[in-house]
Amino acid sequence: MNENKPSMFRTVFGMMISPGPTLKTAVSGLPLVFSLLVSALAFLLFFAQTGLDLYKTGQQGLGFVLMAAGAGAVYGITMIPLIWLIIWLVLKLAKCEKGLGWAIRSFCLGYSGTLIYGIIGMIFSLALGWRTSIAFGVTGVLWATGPIIAAIREMTAGKTALGILLSTFAGAVVLFSWSFFSSL
């Protein structure tokens, strides 16, 4: 492994703590599959927490928990890249020079915080019996806003206002679709 490249583990934490430098140094060298895996696992855990919360309150059965986890993984692999494809197309109008692969890798990695919060939330849910989808799941999704703004800023040569607008759109789509799913 090239010693100048940060490890994948370090990249996940870097996207959560300091997304700007991580975008500049790590994203281009990462395999697309790794980025999709981060997104898939993040949403698998987030949706599984939702399923567990509904199971604990007697609103859903154990089968729903498993279905929720599977739906979360599919959501992370398909819907997150689709949302970012739409945003990337908008950014192309703003003269974005980054390619679609870079955009999808950076946006999927933007959910690194969601993954970390998902892991911690599952620990609290399973070990302590807490209902964690809002405290940890939604917080993890909101934590992704910073990395997403940083990625959009990188793609637009520093246009922060556009980054805030588009990341708000993306966050709203994710939270509204999760809300719809959790009310099924």
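Presented here is an overview of the structure given in this document. The shown structure was predicted, so the numbers you read here are calculated from the model rather than taken from an experiment. (Residues numbered from 1 in each chain as written. Predicted model: local features only at pLDDT ≥ 70, side-chain atom pairs only at ≥ 80, totals over all residues. Heavy atoms only, no water.)

### Considerations on a nonpolar patch on the surface
Taken together, the side chains of Met-79, Leu-82, Ile-86, Val-90 and Phe-169 present a nonpolar region at the surface, about 390 Å² in accessible area. For the nonpolar patch, the leading source of residues is helix H4 (residues 62-93), giving 4 residues. Here Leu-82 shows up in helix H4. A relative accessible area of 39% places Leu-82 in the partly exposed class. (Patch = residues over 30% accessible without salt bridge, like charges linked within 9 Å, V, L, I, M, F, W, Y side chains within 5 Å. Areas by Shrake-Rupley, 256 points an atom, 1.4 Å probe, with all protein chains shown as cover. Salt bridge = Lys/Arg side-chain N within 4 Å of Asp/Glu carboxyl O. Helix = DSSP H or I, 4+ residues; strand = E, 2+ residues; numbered from the N terminus. Buried < 20%, exposed > 50% of the residue type's maximum accessible area, 1.4 Å probe, protein only.)

### Structural notes on empty space enclosed by the protein
Taking a probe equal in size to a water molecule and rolling it over the atoms shows the remaining empty space. Using the criterion set out here, one finds 1 cavity of 30 Å³ or more in the structure. Taken as a whole, the largest cavity holds about 30 Å³ of empty space. Surrounding the largest cavity, Tyr-111, Val-141, Ala-144, Thr-145, Ile-148, Ser-167 and Gly-171 form its lining. Those elements that place two or more of their residues in the lining of the largest cavity are helix H8 (145-155) and helix H9 (160-182). Considered class by class, the residues forming the lining of the largest cavity number 4 nonpolar, 3 polar and no charged. (1 Å grid on protein atoms, 1.4 Å probe; cavity = no way out; pocket = protein on both sides within 12 Å on 5 of 7 lines; lining within 4 Å. Points joined across faces, edges and corners; volume = space filled by probe spheres on them. Nonpolar A, V, L, I, M, F, W, Y, C, P; charged D, E, K, R; others polar.)

### Looking at helix H7 (residues 133-143)
Taken together, the buried positions of H7 are Ser-133, Phe-136, Gly-137, Val-138, Gly-140 and Val-141. On its buried face, H7 sits against helix H3 (32-56), helix H6 (112-128), H8 and H9. (Contact = heavy atoms within 4.5 Å.)

### What about the packing of aromatic side chains?
The geometry of an aromatic ring pair comes down to the distance between the two centres and the angle between the two planes. Counted according to the given criterion, the structure contains 14 aromatic pairs. Measuring from ring centre to ring centre gives 5.1 Å for Phe-46 and Trp-178, while their planes differ by 25°; the resulting arrangement is stacked. Pair noted here: Phe-46 is in helix H3 and Trp-178 is in helix H9, with a separation of 132 residues, a long-range link. An identical accessibility class is assigned to Phe-46 and Trp-178; each is buried. Through a chain of ring-to-ring contacts, three or more aromatic side chains come together here, namely Phe-43, Phe-46, Phe-47, Phe-64, Tyr-75, Tyr-111, Trp-178 and Phe-181. (Phe/Tyr/Trp six-rings, centres within 6.5 Å; stacked < 30°, edge-to-face > 60°.)

### Focus on the nonpolar core
In this structure, Phe-43, Ile-80, Trp-84, Ile-87, Phe-107 and Tyr-111 are the most contacted members of the largest nonpolar core, which totals 53 residues. Those residues within four positions of Trp-84 in sequence are excluded, and the remaining contacts are Phe-107, Tyr-111, Ile-148, Ile-152 and Ala-170. (Core = buried A, V, L, I, M, F, W, Y, C linked by side-chain atoms within 4.5 Å.)

### A look at the pattern of salt bridges
One pass over the full model with this rule turns up 2 salt bridges. Lys-24 is paired through a salt bridge with Glu-154; the nearest N and O atoms lie 2.7 Å apart. Here Lys-24 is found in helix H2 (residues 19-25), whereas its partner Glu-154 is found in helix H8, with 130 residues between them in sequence. When its relative accessible area of 23% is taken as the criterion, Glu-154 is described as partly exposed. Glu-154 is the salt-bridge partner of Lys-98, the closest N and O atoms lying 3.8 Å from each other. Residue Lys-98 is located in the loop between H4 and helix H5 (100-109), and its partner Glu-154 is located in helix H8; the two are separated by 56 residues in the primary sequence. Here the salt bridges share partners, and the residues they tie into one network are Lys-24, Lys-98 and Glu-154.

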